[in-house]
Amino acid sequence: DTGVSQNPRHKITKRGQNVTFRCDPISEHNRLYWYRQTLGQGPEFLTYFQNEAQLEKSRLLSDRFSAERPKGSFSTLEIQRTEQGDSAMYLCASTITGGRRNTGELFFGEGSRLTVL
Amino acid sequence: KNQVEQSPQSLIILEGKNCTLQCNYTVSPFSNLRWYKQDTGRGPVSLTIMTFSENTKSNGRYTATLDADTKQSSLHITASQLSDSASYICVVSGDGGSQGNLIFGKGTKLSVKP
């Protein structure tokens, strides 16, 4: 399968625990996005990377959230001291793009669903 | 402020009927507009991408239109099937804007009943 891969698909954790999600984009895709989606809503932007550089972070990304893409390939999204309000689907998407314009096909993973008890 | 508004929020139709979903945007400068289909619990899947110069683009029973002057797009679904039940999300790409140049609508939830 050469699509965007996200792991784990489902995570149930207790409030206060840390969780980490991983995203493996399509090979050679240089841009990678993270989104959060709650039930009945569209995806909300969290952050994105151009290669290994994190170019933008949403104000939704509190200091408990951190994302990395150390070698410009896979990315991780860590949530520390989880809260019940963090329960959501976390989507990763990747594309190939030159410069600031975004004209390429955007491919999404199947998402990682987080439930915080 | 760059925004994408979709209507209706939800829609119920009978199998075999046609329907049209709307997307209005205020993103500027405009680069392209995308429609995605998202099945429950799955990631969105691309249906169409339209640039400024394209008025219509089809993908099987899905036809998207774009009026860049009025900043409106529609997604028309012909002869609906039960498998069309999903959320349909409109995404507008700006040129040099924030959020990685992608502004998402909240989606329209379509339910196709037998």
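Scroll up for the structure.
What you see is a predicted model, and the numbers here were worked out from it, not measured in a lab.

Procedures and definitions
Every chain begins its residue count from 1, and numbering advances along the sequence as written. All chains are assigned letters beginning with A, and all ligands numbers beginning with 1, in the order in which they are written. A pLDDT threshold of at least 70 governs which residues receive local features in this predicted model, and a stricter bar of 80 or more applies before side-chain atom pairs are shown or counted, although totals over entire chains, interfaces and linings include all residues. Water and hydrogen atoms were dropped before computing side-chain values, which therefore reflect all heavy atoms in the structure. The rule for a disulfide is simple: a pair of cysteine sulfur atoms within 2.5 Å. Under the scheme used here, helices are H or I runs from DSSP no shorter than 4 residues and strands are E runs no shorter than 2 residues, and both carry numbers assigned from the N terminus. Any residue under 20% of the maximum accessible area for its type is buried, any over 50% is exposed, and the rest in between are partly exposed; the area is computed with a 1.4 Å probe on protein chains only. Strand pairing is defined by DSSP finding a minimum of two bridges between the two strands. Axis lines are fitted through C-alpha atoms, for helices just across the contact stretch, and the angle between N-to-C directions can take any value from 0 to 180 degrees. Take the buried Ala, Val, Leu, Ile, Met, Phe, Trp, Tyr and Cys residues and link them wherever side-chain atoms come within 4.5 Å; each set so joined is a nonpolar core. Any pair of residues with heavy atoms lying within 4.5 Å of one another is described as a contacting pair. Here's the idea: put two parts together, see how much 1.4 Å probe accessible area each one loses, and the total over both is what we call buried area. One side-chain nitrogen of Lys or Arg within 4 Å of one carboxyl oxygen of Asp or Glu is enough to make a salt bridge.

Caption draft 1: How the structure looks around the state of the cysteines. A full pass over the atoms with the stated rule returns two disulfides over all chains. Here Cys23(A) pairs with Cys92(A) through a disulfide, and the sulfurs are 1.9 Å apart. Every disulfide takes its handedness from the sign of the S-S torsion; for Cys23(A) and Cys92(A) that torsion is -65°, giving left-handed. Here the residue Cys23(A) occupies a position in strand β3 (residues 19-24), and Cys92(A) occupies one in strand β9 (residues 88-95), the gap between them amounting to 69 residues. Neither Cys23(A) nor Cys92(A) differs from the other in exposure class; each is buried. With no disulfide of its own, Cys19(B) lies closest to Cys90(B) among cysteine sulfurs, the gap being 15 Å.

Caption draft 2: The arrangement of the sheet that holds strand β7 (residues 62-67) of chain B in detail. Residues and elements named next belong to chain B. Here we have five strands laid out as an open sheet, ordered β1-β3-β8-β7-β6, and antiparallel in their pairing. If you trace the sheet from one side to the other, it starts and ends with β1 (4-7) and β6 (56-59), each paired once. In this sheet, neighbouring strand axes are inclined to one another by 15° on average, regardless of whether the strands run parallel or antiparallel. The sheet contact formed by strand β3 (residues 19-25) and strand β8 (residues 72-77) spans six bridges and is antiparallel. Considered in β8, the bridge of Leu 21 is made with Leu 75.

Caption draft 3: Layout of the nonpolar core. All names here are of chain B. By size, the foremost hydrophobic cluster in this structure holds 25 residues, and its most contacted members are Val 4, Tyr 25, Leu 33, Trp 35, Leu 75, Tyr 88 and Val 92. Contributing elements (two or more residues each) for this core: β3, β4 (30-38), β5 (45-51), β7, β8, β9 (86-94) and β11 (108-113). Setting aside residues no more than four positions away along its own chain, Tyr 25 makes contact with Gln 3, Val 4, Phe 30, Leu 33, Leu 66, Asp 67, Ala 68, Lys 71, Gln 72 and Val 92.

Caption draft 4: Expanded view of the interface of chain B and chain A. With 23 residues of chain B in contact, the opposing surface of chain A contributes 24 residues. Here chain B packs against chain A, burying approximately 1,900 Å² in sum over the two surfaces, 44% of which is carbon and sulfur. If you look at where chain B meets chain A, you find one salt bridge. For Arg42(B), the salt bridge is made with Glu110(A), and the minimal N-O distance between the two is 2.5 Å.

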